[in-house]
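# Residue-level structure breakdown
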Amino acid sequence: MMIKSFEGVDMNDALRKVKKELGSDAVILSSRKSERSGTPGAPGVVVTAGLPQLDPPWARDLPGPPEENPEGVRLSEMDALRDVIARMEREWGPGSSREIQGLLARIGSLSGGFLSPPQPPFDPVEEAGKTLAASGFPEEDRQDLMEAFRLLSFQPVDWSSSQVQSLLQFLVAQKLDVAGSLFSGERPAGRPLVVLFAGPTGVGKTTTIAKIAAMLVARQRRPVGLVNLDTYRIGAVEQLRIYGDLMGVPVEVVSSPSRLSGAITHLRGSEVILVDSAGRSEGGTDEMDPFLSVLRSGSSWDFKTVLVVSATQKSDDLSRTLQRFSKVRPEALVVTKVDETGTLGSLYPLLAHSRIPTAYVGTGQKVPEDIELAHGGRLAQWMIEGWSRDGSGVRT
Ligand SMILES: Nc1nc2c(ncn2[C@@H]2O[C@H](COP(=O)(O)OP(=O)(O)OP(=O)(O)O)[C@@H](O)[C@H]2O)c(=O)[nH]1
Ligand SMILES: [Mg+2]
């Protein structure tokens, strides 16, 4: 599938450009608000659209004329001869005739290595199933995607593995919802956006907060504050404080819900306040309830919640995580550690069925560079082909 992003002053403008360049068969994969490139501060819209390549590339791989070996024997003729001998062997018993042995040896020498064992015909649907299984897609989703694949793969062309992958990527991308930047647009003065990062232990909440804070401070020159609710774990306070000091960003440590509102008021000079929470391995998230009540009831700030998950979690674990953090009512997902696993298909059920759009993707341990805005086409490509670092992701 061909995937491309189009920038416009508004949605209509971007869609006009999509239609002009890709035509009316284009499929919109995602849209997000964004600053217009070259015009800092000017609001714009970026639409990512794809065009399923349902015929031209396959024509490229059509086989050429049959090759000949050095002795001028056509391979197709040798194939036919070998089939006859194989049939004779079947009928008369294996290796039953010296003549057959002799003929086989003669064919081997004539072919000079050109003759390959007969290949079963390439079955695109079977190949799609193998690709999905190897990429870690759970059984039920594999069946659904294969069904859609079957419907779209009726074209009478020679399929190759890469064409199978393109069509699968197209089908997967259709199902993925991305959030765009959580921090786009101007904030009303004195009314910060407070964003809580929740998620299981060790998934990368604190690291993601540091990456996002650095991105906002260094690239967008926006005042940011950090709040740490994670006083449970030894070292957690220190970890966020060190990042805060490095970036020159104020950090408030809050151990009791009654102090949370005061801490946010303390940071009111910030446009964005990122709130780190403790990831406990055991049990539910009850200890977060009183903090959530304070964050939800604040009248002088806006509030969003983000669920951070790791791509290294199995799909069953991811659905348990979603269940466990349902009280947080996540509005967006951050998926970390895509660099740490070769099978990203296990993310598919969460990303495709939870109805929570993905906002950011963590691609490594480095702060601030290893993060990018979630992009449906890129996520689909990684799920099918595996992740690779290509540096072309967008950060803001
Ligand atoms: N490879 C890789 N490692 C990451 C990524 N994000 C975070 N990490 C690493 O994961 C480990 C845990 O990260 P933290 O940010 O401390 O995770 P946390 O969710 O805050 O952990 P708790 O506070 O203990 O719940 C650290 O070693 C990070 O460097 C990522 O995208 N890729
Ligand atoms: Mg942490």
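Residues numbered from 1 in each chain as written. Chains lettered and ligands numbered in written order. Predicted model: local features only at pLDDT ≥ 70, side-chain atom pairs only at ≥ 80, totals over all residues. Heavy atoms only, no water.

## Thoughts on the confidence of the model for the protein
Heads up, the condition is: Confidence of the prediction at every residue is given by pLDDT, a number between 0 and 100. Contacts were defined at the residue level, with two residues in contact if any of their heavy atoms lie within 4.5 Å.
Averaged over all residues, the pLDDT of the protein equals 84, while 80% of them reach at least 70. For the stretch residues 55-74, pLDDT sits under 50, and the model shows 26 contacts to residues farther than four places along the chain or on other chains.

## Considerations on the sheet that holds strand β5 (residues 224-228)
As a general point, the strands of a sheet are linked pairwise by backbone hydrogen bonds and lie either parallel or antiparallel. The cut-off we apply is this: If DSSP finds at least two bridges between two strands, the strands pair. Where helices and strands are cited, they refer to DSSP runs of H or I of at least four residues and of E of at least two residues respectively, numbered from the N terminus. For helices, the fitted axis covers only the stretch in contact; all axes are lines through C-alpha atoms, and the angles between them, taken along N-to-C directions, range from 0 to 180 degrees.
With mixed pairing, eight strands are arranged side by side in an open sheet as β6-β5-β7-β4-β8-β9-β10-β11. If you trace the sheet from one side to the other, it starts and ends with β6 (251-253) and β11 (371-373), each paired once. Each strand axis lies, on average, 25 degrees off the axis of its neighbour in the sheet, ignoring direction. Bridge count for β5 against strand β7 (residues 272-276) is five bridges, and the pairing is parallel. By the bridge assignment for β7, V227 is matched with V275. Running at roughly 170 degrees to β7, helix α8 (residues 205-219) makes contact with β4 (193-198), β5, β7, β8 (302-310), β9 (332-336), β10 (358-362) and β11 of the sheet.

## A few points about the sheet that holds strand β1 (residues 2-8)
If you walk across this open sheet you meet the three strands as β1-β3-β2, and the pairing is antiparallel. Each end of this open sheet is capped by a strand with a single partner; those strands are β1 and β2 (27-36). Pairs of neighbouring strands in the sheet enclose a mean axial angle of 20 degrees, with direction left out of account. The pairing of β1 with strand β3 (residues 39-51) spans seven bridges and is classified as antiparallel.

## Thoughts on the pairing of β2
In this sheet, β3 lies alongside β2 in antiparallel orientation, the contact comprising nine bridges. Residue pairing in the sheet places E35 in a bridge with P43 of β3. Counting the residues between successive antiparallel strands, the hairpin from β2 to β3 contains two residues, one of them, G38, with a positive phi of roughly 85 degrees.

## Topic: the packing of helix α7 (residues 161-175) against helix α14 (residues 376-385)
What counts, and what does not: Note that the term roughly parallel is reserved for angles under 35 degrees, roughly antiparallel for angles over 145, roughly perpendicular for angles of 65 to 115, and oblique for everything else. Whether a crossing is left-handed or right-handed is set by the direction in which the near helix is turned from the far one by less than a right angle, anticlockwise for left-handed and clockwise for right-handed. When residues are grouped by polarity, Ala, Val, Leu, Ile, Met, Phe, Trp, Tyr, Cys and Pro land in nonpolar, Asp, Glu, Lys and Arg in charged, and all others, Gly among them, in polar.
For the pair α7 and α14, the least separation of the axes is 8 Å and the interaxial angle reads 130 degrees. In terms of their interaxial angle, α7 and α14 are classed as oblique. The two elements α7 and α14 meet at a crossing, and its hand is right-handed. Between α7 and α14, the contacting residues are Q165, L168, Q169, V172 and A173 on the first element and G376, G377, A380, Q381, M383, I384 and E385 on the second. Tallied by class, residues from the contact of α7 with α14 come to six nonpolar, five polar and one charged.

## Focus: the site of ligand 1
To be explicit about the condition: We call a residue near a molecule or strand as soon as one heavy atom of that residue lies within 4 Å of the molecule or strand. We define a polar contact as two N or O atoms separated by no more than 3.5 Å, with the added condition that, inside protein, one atom must be a possible hydrogen donor and the other a possible acceptor, whereas residues neighbouring each other in sequence contribute only through side-chain atom pairs.
Close contacts around ligand 1 come from 20 residues, with G204, K205, T206, T207 and D339 the closest. The contact in question runs from an oxygen atom of ligand 1 to an N or O atom on the side chain of Q239, over 3.1 Å. Considering every element that reaches the shell around ligand 1, the biggest residue donor is α8, with four residues. Classifying every residue of the shell around ligand 1 gives one nonpolar, twelve polar and seven charged.

## Focus: the packing of aromatic side chains
Rules: Here is the rule: rings of Phe, Tyr and Trp (six-membered ring for Trp) pair when centre to centre is within 6.5 Å. Planes less than 30 degrees apart are stacked, more than 60 are edge-to-face, and the remainder are tilted. Each residue is placed in one exposure class: buried if its accessible area under a 1.4 Å probe, protein chains only, is under 20% of its type's maximum, exposed if it is over 50%, and partly exposed if it falls in between.
Evaluated as defined, the whole model comprises four aromatic pairs. Ring geometry for F149 and W159: centres 5.7 Å apart, planes at 45 degrees, overall tilted. One end of the pair, F149, is in helix α6 (residues 139-152); the other, W159, is in the loop between α6 and α7, and ten residues separate them in sequence. Note on F149: relative accessible area 0%, which makes it buried. For W159, a relative accessible area of 11% corresponds to the buried category. Relative to W387, the ring of W382 has its centre 6.5 Å away and its plane inclined at 70 degrees; by these criteria the two rings are edge-to-face. By relative accessible area, which is 3% here, W382 ends up buried.

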